[in-house]
Amino acid sequence: MFSGIVAALGRITCLTPREAGLRLTVDAGRLGLDDVAFGDSIAHNGVCLTVVGKEDGQFMVDVSPETLSCTVGLDALGPVNLEKALRLNDVIGGHLVSGHVDGVGEVLRFDPVGDNRLLEIRAPAALAKYIARKGSITVDGVSLTTNEVNGAAFTINLIPHTLENTTLNRLTPGARVNLEVDLIARYVERMLDAERR
């Protein structure tokens, strides 16, 4: 589990093809690796991946073909939002995030509003029912609060701190982003669906 509070901006520095999928080498940036062991989980733009190696401020993770087929941002060199998995005594500064991307959205607008940015994203239609006004959503691993929801499109206000400390400052209309809807909303729907049967 994660909280959607990005701990560091890392950088994918090497992509190594495997028999199935890719091995990524990631420069950890400010993410301390002293307490990271093989088998630990680190979220990369909202995608939970398992550490398979580390050396000299970098670590390695393997990405399966399935993960590559349903996410974006893991098949190219460049910056990546990083967050270590939560421990039981950690503060949850964002919201509960599983690190399992539900779908890929498209950026419709990224407009300046003073020193903030108004971000509008169109989610896949199947996810629209989970997105609520003033609800939680994860965009490329960042826990955010929605402003308005109109069908499958929703807006978010990005403050300067978020813009300075995540990859979201690089977004442009047409960009694709990893989305994870609120975990609680998914479970509520499942329970209600079970009661109807």
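The structure reproduced in this document is the subject of the present report.

Attention now goes to unusual backbone geometry. A positive phi angle, close to 50°, is found at Asn-45, a residue other than glycine. A positive phi angle is found at Lys-134, which is not glycine, with a value near 65°. Here Lys-134 is to be found in the loop between β8 (116-122) and β9 (136-139).

A few words now on the environment of Thr-155. Within the secondary structure layout, Thr-155 lies in strand β11 (residues 153-158). For Thr-155, a relative accessible area of 10% translates into the label buried. Sequence spacing of Thr-155 and Arg-109 is 46 residues, and the spatial spacing of their C-alpha atoms is 8.8 Å.

Attention now goes to the pattern of salt bridges. Per the stated rule, a full pass over the model turns up nine salt bridges. A salt bridge links Glu-120 to Arg-109; the shortest N-O distance between them is 2.8 Å. On the criterion of sequence distance, the pair formed by Glu-120 in strand β8 and Arg-109 in strand β7 (residues 103-113) is long-range, its members being eleven residues apart. A residue is classified by how much of its surface remains accessible, and Arg-109, at 32% relative accessible area, is partly exposed.

What follows concerns the sheet that holds strand β1 (residues 8-17). Around the barrel, six strands lie side by side as β1-β2-β5-β4-β3-β6; this closed barrel has antiparallel pairing. For this sheet the average axis-to-axis angle between neighbouring strands, irrespective of direction, equals 45°. Relative to strand β2 (residues 22-27), β1 runs antiparallel, the two being bridged by six bridges. Across the sheet, the residue bridging to Thr-16 is Arg-23, located in β2.

Each strand in a sheet pairs with another by means of backbone hydrogen bonds, the pair being arranged parallel or else antiparallel. Taken together, the six strands give a closed barrel; going around it, the order is β7-β8-β11-β10-β9-β12, and neighbouring strands pair in antiparallel fashion. The mean inter-strand angle of the sheet, taken between neighbouring strand axes irrespective of direction, is 45°. Pairing analysis gives four bridges linking β7 to strand β12 (residues 176-181), with the strands arranged antiparallel. Looking at β12, one finds that Gly-105 is bridged to Val-177.

On to the state of the cysteines, then. Applying the stated criterion across every chain yields a total of zero disulfides. Looking at Cys-70, it has no disulfide partner, and the nearest cysteine sulfur is the one in Cys-48, 13 Å off. Residue classification places Cys-70 among the partly exposed positions, given a relative accessible area of 30%.

To continue, consider a nonpolar patch on the surface. On the surface, a cluster of nonpolar side chains totalling about 500 Å² of accessible area is made up of Ile-184, Tyr-187, Val-188, Met-191 and Leu-192. Structurally, Ile-184 is set in helix α3 (residues 183-196). Looking at Ile-184, the relative accessible area reads 52%, which means it is exposed.

This part takes up the layout of surface pockets. Here the largest pocket defines a volume of roughly 380 Å³. Around the largest pocket, the lining is made up of 18 residues, and of these Asn-45, Gly-73, Pro-79, Asp-140 and Arg-176 lie nearest the centre. The set of elements that each furnish at least two residues to the lining of the largest pocket consists of β6 (78-84) and β12. Looking at the lining of the largest pocket, its residues break down into eight nonpolar, six polar and four charged. In this structure, the second largest pocket occupies an estimated 320 Å³ of space. Within the residue set of the lining of the second largest pocket, elements represented by two or more residues are β10 (142-150), β11 and α2 (160-165). The leading source of residues in the lining of the second largest pocket is β10, at five residues.

Quick notes on the rules
Residues numbered from 1 in each chain as written. Predicted model: local features only at pLDDT ≥ 70, side-chain atom pairs only at ≥ 80, totals over all residues. Heavy atoms only, no water. Helix = DSSP H or I, 4+ residues; strand = E, 2+ residues; numbered from the N terminus. Buried < 20%, exposed > 50% of the residue type's maximum accessible area, 1.4 Å probe, protein only. Salt bridge = Lys/Arg side-chain N within 4 Å of Asp/Glu carboxyl O. Pairing = 2+ DSSP bridges. Axes fitted to C-alpha atoms, helices over the stretch in contact; angles between N-to-C directions. Disulfide = S-S within 2.5 Å. Patch = residues over 30% accessible without salt bridge, like charges linked within 9 Å, V, L, I, M, F, W, Y side chains within 5 Å. Areas by Shrake-Rupley, 256 points an atom, 1.4 Å probe, with all protein chains shown as cover. 1 Å grid on protein atoms, 1.4 Å probe; cavity = no way out; pocket = protein on both sides within 12 Å on 5 of 7 lines; lining within 4 Å. Points joined across faces, edges and corners; volume = space filled by probe spheres on them. Nonpolar A, V, L, I, M, F, W, Y, C, P; charged D, E, K, R; others polar.

By themselves, these observations are geometric and do not establish any function.
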